[in-house]
Amino acid sequence: MERQLEYVLRTVEERGVRFVRLWFTDVLGFLKSVEITPAELEVALEEGMTFDGSTIEGYSRIQESDMLARPDANTFELLPTVEGDTAMARMFCDISRFSGEPFEGDPRGVLKRNLERAREKGFTFFVGPEMEFFYFRSGGTVEPLDAAGYFDLTAHDLGSSLRKQTVLRLEAMGIPVEYSFHENGPSQHEIDLRYTDALEMADNVMTFRLIAKEVAADNGVYATFMPKPIEGAFGSGMHTHLSLFEGDTNAFHDAGDEAGLSKVGKCFVAGLLRHAREITAITNQTVNSYKRLIAGYEAPVHICWARNNESALVRLPAPKKGKESSTRIEFRSPDPACNPYLAFSVMLAAGLKGVEEGYELPPEATNNIYEMTPEERAAEGIGSLPQSLTEAISAMEESELVAETLGEHVFEYFIRNKRAEWLDYKAHVSPWELDRYLGSL
């Protein structure tokens with residue numbers, strides 16, 4: 001760590017960095033930032049920066065407001081600039097109380113605690129999310145930039161240019177990208193981040209969301225990670241590829257299994273399925289999230305697993321020839337509006353619970369689940385994800401697993417905040433209701 005601190009200080013001096021942004025998130029996953037000058041950097045690295053925690057959603061009460069943002073030197077990166085711009089850098093922070101104890105309401109700290117639990121069992125947790133989002137003419141309209149579809153390539157497509165600029169900025173910050181393409185919906189796009197350990201990936205997701213919005217704004221348009229902004233169109237998901245490693249060995253891989261999935265992998269999938277309803281409020285945290293989780297738009301609705309069945313909640317993608325040991329699972333319900341630190345935490349906890357308890361993997365779903373009758377699904381033991389935020393919060397509220405994973409502080413605040421969001425939504429009279437009822441009642 002001492003060598004990394006020296007690297008940060010030397011790079012700031014040699015590259016003429018004028019400001020360093022210190023980043024962290026509130027409980028809901030909104031990025032927070034404070035800028036410091038190089039003169040304050042060494043003190044910040046050694047002692048942390050003081051801030052008022054009572055002003056951050058889900059943090060402390062007014063009488064316990066003083067907190068410290070402690071920069072993680074391992075997350076230091078120069079921010080992309082154009083010629084003539086002021087050189088800047090960023091670091092993610094861990095939050096502690098003024099006494100020095102880790103703050104239990106810090107989402108990054110929640111993920112670090114859960115990753116440490118996995119390490120104690122000999123596992124490293126890797127994730128690779130598929131980030132879907134929309135470009136619109138402005139933040140106040142859902143007017144798309146194009147009417148293209150999946151993998152479409154059109155001449156002079158502004159969306160393609162925006163994706164390219166976003167990828168270049170991400171890679172300039174050391175965030176590798178696997179794929180970039182047009183998605184199903186009008187002006188809907190996807191950029192897939194190359195898998196890495198879960199903490200680094202959560203930091204990368206936060207960086208990605210900011211970079212995508214900045215690139216869009218620089219070009220006079222708006223990027224949104226709202227799960228379902230256009231009625232009747234496909235919503236945006238954050239399908240997340242998961243794997244556990246024991247040292248350099250993929251703990252999910254078994255060459256002798258028909259599906260290539262080990263006992264650990266099967267139990268992990270079983271854990272995700274058994275606890276899916278409990279963790280959905282975290283992976284899909286807005287009222288709007290449940291406008292996406294409906295049949296007919298390739299989003300998962302029913303709790304099952306399969307190898308090649310796009311209607312399943314958990315999918316086992318086929319590895320490329322010669323790379324059979326790259327076995328992974330794809331959890332398809334999360335959306336890009338989630339807090340990635342909390343979402344990765346509950347996914348890991350649910351899967352590890354299955355491994356610890358030896359959960360049995362249910363039979364693979366080989367039919368199109370959407371075409372089955374409710375009776376057929378019931379006979380197969382296939383349940384459904386929550387269909388509203390209030391249903392998801394009720395399932396979470398009864399979950400010992402989620403309470404233990406998040407800790408009391410985050411667990412209670414999150415439920416309280418989302419109950420209030422649902423009550424606001426419930427009291428809202430929408431244009432749909434006026435169109436349907438006003439003229440006939």
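Look up a bit, the structure's there.
Colleague: Can you lay out helix α6 (residues 263–274) for me, pointing to particular residues and giving the numbers?
Modeller: With 12 residues, α6 should reach 16 Å at 1.5 Å per residue; the first-to-last C-alpha distance of 16 Å fits that figure. Looking at α6, one finds that the buried residues are Gly265, Cys267, Phe268, Val269, Ala270, Gly271, Leu272 and Leu273.

Colleague: I'd like to hear about unusual backbone geometry, residue by residue, with values.
Modeller: Its identity is not glycine, yet Ser187 carries a phi of approximately 60 degrees, on the positive side. The topology assignment puts Ser187 in the loop between β8 (177–182) and β9 (188–193). Of note, Glu298 is a non-glycine position whose phi angle comes to about 70 degrees, a positive value.

Colleague: So what about a negative patch on the surface? Which residues, and what values?
Modeller: Taken together, Glu2, Glu6, Glu42, Glu46 and Glu47 make up a surface patch of like negative charges. Looking at the negative patch, the elements with two or more residues in it are α1 (2–14) and α2 (38–47). If one sorts the elements of the negative patch by residue count, α2 sits on top with 3 residues. In this fold, Glu47 is placed in helix α2. Note on Glu47: relative accessible area 48%, which makes it partly exposed.

Colleague: Run through the packing of helix α3 (residues 107–120) against helix α9 (residues 340–357), naming residues and quoting values.
Modeller: Relative to each other, α3 and α9 sit at 25 degrees, their axes nearing to 9 Å. As the angle between them shows, α3 and α9 are arranged roughly parallel. Crossing geometry of α3 relative to α9 is assigned as left-handed. Here Pro107, Arg108, Val110, Leu111, Asn114, Leu115, Arg117 and Ala118 of α3 lie close against α9, whose contacting residues are Tyr341, Leu342, Phe344, Ser345, Leu348, Ala349, Leu352 and Glu356. Across the contact of α3 with α9, the residue classes break down as 11 nonpolar, 2 polar and 3 charged.

Colleague: I'd like a rundown of the side chain of Arg90, residues and numbers included.
Modeller: Structurally, the position occupied by Arg90 is in strand β6 (residues 88–97). A polar atom in the side chain of Arg90 sits 2.3 Å from the backbone oxygen of Thr75. With residues up to four places along the chain from it excluded, the contact list for Arg90 reads Arg21, Trp23, Thr75, Phe76, Glu77, Leu79, Met173 and Thr207.

Colleague: Let's hear about the pattern of salt bridges: which residues, and what values?
Modeller: Scanning the entire structure with this criterion turns up 22 salt bridges. A salt bridge links Arg97 to Glu104; its shortest N-O distance comes to 2.7 Å. Take Arg97: its relative accessible area is 21%, and that puts it in the partly exposed class. Glu104 gets classed as partly exposed once you look at its relative accessible area, which sits at 31%. Measuring nitrogen to oxygen at the nearest pair gives 3.1 Å for the salt bridge that ties Glu391 to Arg277. With a gap of 114 residues between them, Glu391 in helix α11 (residues 389–397) and Arg277 in helix α7 (residues 276–283) connect regions that are remote in the sequence.

Colleague: Give me the lowdown on the nonpolar core, citing residues and values where you can.
Modeller: Formed by 91 residues in total, the largest nonpolar core has its most connected members in Phe125, Leu193, Ile329, Phe344, Met396 and Leu406. When residues in this core are grouped by element, the largest group, 11 residues, is from helix α5 (residues 198–218). In this view, Met396 contacts Glu278, Ala281, Ile282, Val402, Leu406, Phe411, Phe414 and Ile415; residues no more than four positions away in its chain are not counted. With 24 residues, the next largest nonpolar core counts Leu5, Val12, Met67 and Ala89 among its residues.

Colleague: Account for the packing of α6 against α9, naming residues and giving values.
Modeller: Orientation of α6 relative to α9, taken along the N-to-C sense of each, is 125 degrees, at an axis distance of 6 Å. Considering the angle they form, α6 stands oblique to α9. Remark: the crossing between α6 and α9 carries right-handed chirality. Of the residues in α9, those in contact with Val264, Cys267, Phe268, Gly271 and Leu272 of α6 are Met347, Leu348, Ala350, Gly351, Leu352, Gly354 and Val355. Along the lines of polarity and charge, the residues of the contact of α6 with α9 split into 9 nonpolar, 3 polar and no charged.

Parameters at a glance
Residues numbered from 1 in each chain as written. Predicted model: local features only at pLDDT ≥ 70, side-chain atom pairs only at ≥ 80, totals over all residues. Heavy atoms only, no water. Helix = DSSP H or I, 4+ residues; strand = E, 2+ residues; numbered from the N terminus. Expected span 1.5 Å × (residues − 1). Buried < 20%, exposed > 50% of the residue type's maximum accessible area, 1.4 Å probe, protein only. Patch = residues over 30% accessible without salt bridge, like charges linked within 9 Å, V, L, I, M, F, W, Y side chains within 5 Å. Areas by Shrake-Rupley, 256 points an atom, 1.4 Å probe, with all protein chains shown as cover. Salt bridge = Lys/Arg side-chain N within 4 Å of Asp/Glu carboxyl O. Lys, Arg positive; Asp, Glu negative; His and termini not counted. Charge placed at Lys NZ, Arg CZ, Asp CG, Glu CD. Axes fitted to C-alpha atoms, helices over the stretch in contact; angles between N-to-C directions. Parallel < 35°, antiparallel > 145°, perpendicular 65-115°, else oblique. Left-handed = near helix turned anticlockwise from the far one by under 90°. Contact = heavy atoms within 4.5 Å. Nonpolar A, V, L, I, M, F, W, Y, C, P; charged D, E, K, R; others polar. Polar contact = N/O pair within 3.5 Å; in protein donor to acceptor, adjacent residues only side chain to side chain. Core = buried A, V, L, I, M, F, W, Y, C linked by side-chain atoms within 4.5 Å.

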